[in-house]
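Descriptive structure summary
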Amino acid sequence: MGKSMLQAKNIQKRFNGPEVLRGIDLTLSEGEVLAVIGPSGSGKSTLLRCLVRLERIDGGEIVLKGDTMVSTDEKGAVRYAPESAIRTMRRKLGMVFQDFNLFPHLSVTENLALAPVRVLKKDRRAAVEKAHALLHKVGLADKKKSYPHELSGGQKQRVAIARALAMEPDILCFDEPTSALDPELTGEVLKVIQDLAAENMTMIVVTHEMGFAREVADRVVFMDDGKIVEEGDPKDVLLHPKTQRMKDFLAQVLHMR
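Residues numbered from 1 in each chain as written. Predicted model: local features only at pLDDT ≥ 70, side-chain atom pairs only at ≥ 80, totals over all residues. Heavy atoms only, no water.

1. Looking at the sheet that holds strand β2 (residues 19-29)
- Spatially, the five strands line up as an open sheet ordered β2-β1-β4-β5-β6, and their pairing is antiparallel. This sheet does not close on itself; its edge strands, each paired only once, are β2 and β6 (78-80). Going across the sheet, the axis of each strand differs from the next one's by a mean of 10°, ignoring polarity.
- As paired strands, strand β5 (residues 67-72) and β6 are joined by three bridges and run antiparallel to one another. Paired with Ser71 across the bridge in β6 is Arg79.
- Sheet strands in contact with helix α1 (residues 44-51) are β1 (4-14), β2, β4 (59-64) and β5, and its direction is about 60° off that of β2.
- In the packing of helix α2 (residues 83-90) onto the sheet, contacts are made with β4, β5 and β6, and the angle to β5 comes to roughly 120°. (Pairing = 2+ DSSP bridges. Helix = DSSP H or I, 4+ residues; strand = E, 2+ residues; numbered from the N terminus. Axes fitted to C-alpha atoms, helices over the stretch in contact; angles between N-to-C directions. Contact = heavy atoms within 4.5 Å.)

In structure tokens, the structure reads:
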């Protein structure tokens, strides 16, 4: 693996008392695909939201490409970098949500071009050309004039991936990108993520798709009750789990299938 892209140390998060993340340590290297799995309520999505600064942490440290986003001093005080620095850091992180979050009143092309023009100050014509190239990349070149309500769930999610790529992030984060989709539409989204992995895109994927985690991820992290229980090579973790909790989880997932 390449150089360090992200380091999270002893991440703690509470929501009105209960601890949701309990001392998470996580690293991500350039070109690595990290799959985060675990039961609902284990803290997977919360961890991702903390990493991209959609949630504030209550303790720990996050370093993004050598720049400290947040740290905690010896007295337990959490200190974030200045907001201007945070904005710059967040541009290195792309986020794809499970419910697409497309602007319904904008065409597919406009959904992709909006942020590069407004945030990155790109020339509009160049942003539109890049949008069309990305739509071609995700197999939606014929949908550039369409609106979100005219698309299937799988198509919406592929547009959402293209929109995240339009911001040229260093790390792409996915929060259960197929959980809102019918099973037959899941494959087309996973194929796009698989293609990105083949291009050495650095990614964190929170997912319930065990086959995807086994075949595409370089490393798997299994979370339960706000902690990392197991992590390692996907085939080792998924085929030869060391902990009873992991064995129980896999048995439940396979039974549900």
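2. Focus: the packing of aromatic side chains
- Scanning the model with the defined rule gives one aromatic pair in all.
- Against the face of Tyr80 rests Arg53, its NZ or CZ located 4.8 Å from the ring centre. (Phe/Tyr/Trp six-rings, centres within 6.5 Å; stacked < 30°, edge-to-face > 60°. Lys NZ or Arg CZ within 6 Å of the ring centre and 35° of its normal.)

3. Looking at helix α5 (residues 153-166)
- Its 14 residues give α5 an end-to-end C-alpha distance of 20 Å, which sits within 8% of 20 Å, the value for a rise of 1.5 Å per residue.
- Burial runs high along α5: 12 of the 14 residues are buried.
- Against the buried residues of α5 lie β7 (93-96), α3 (108-118), α4 (124-137), β8 (171-175) and α6 (183-198).
- Directly beyond the C-terminal end of α5, a positive phi value near 55° is found at Glu168. (Expected span 1.5 Å × (residues − 1). Buried < 20%, exposed > 50% of the residue type's maximum accessible area, 1.4 Å probe, protein only.)

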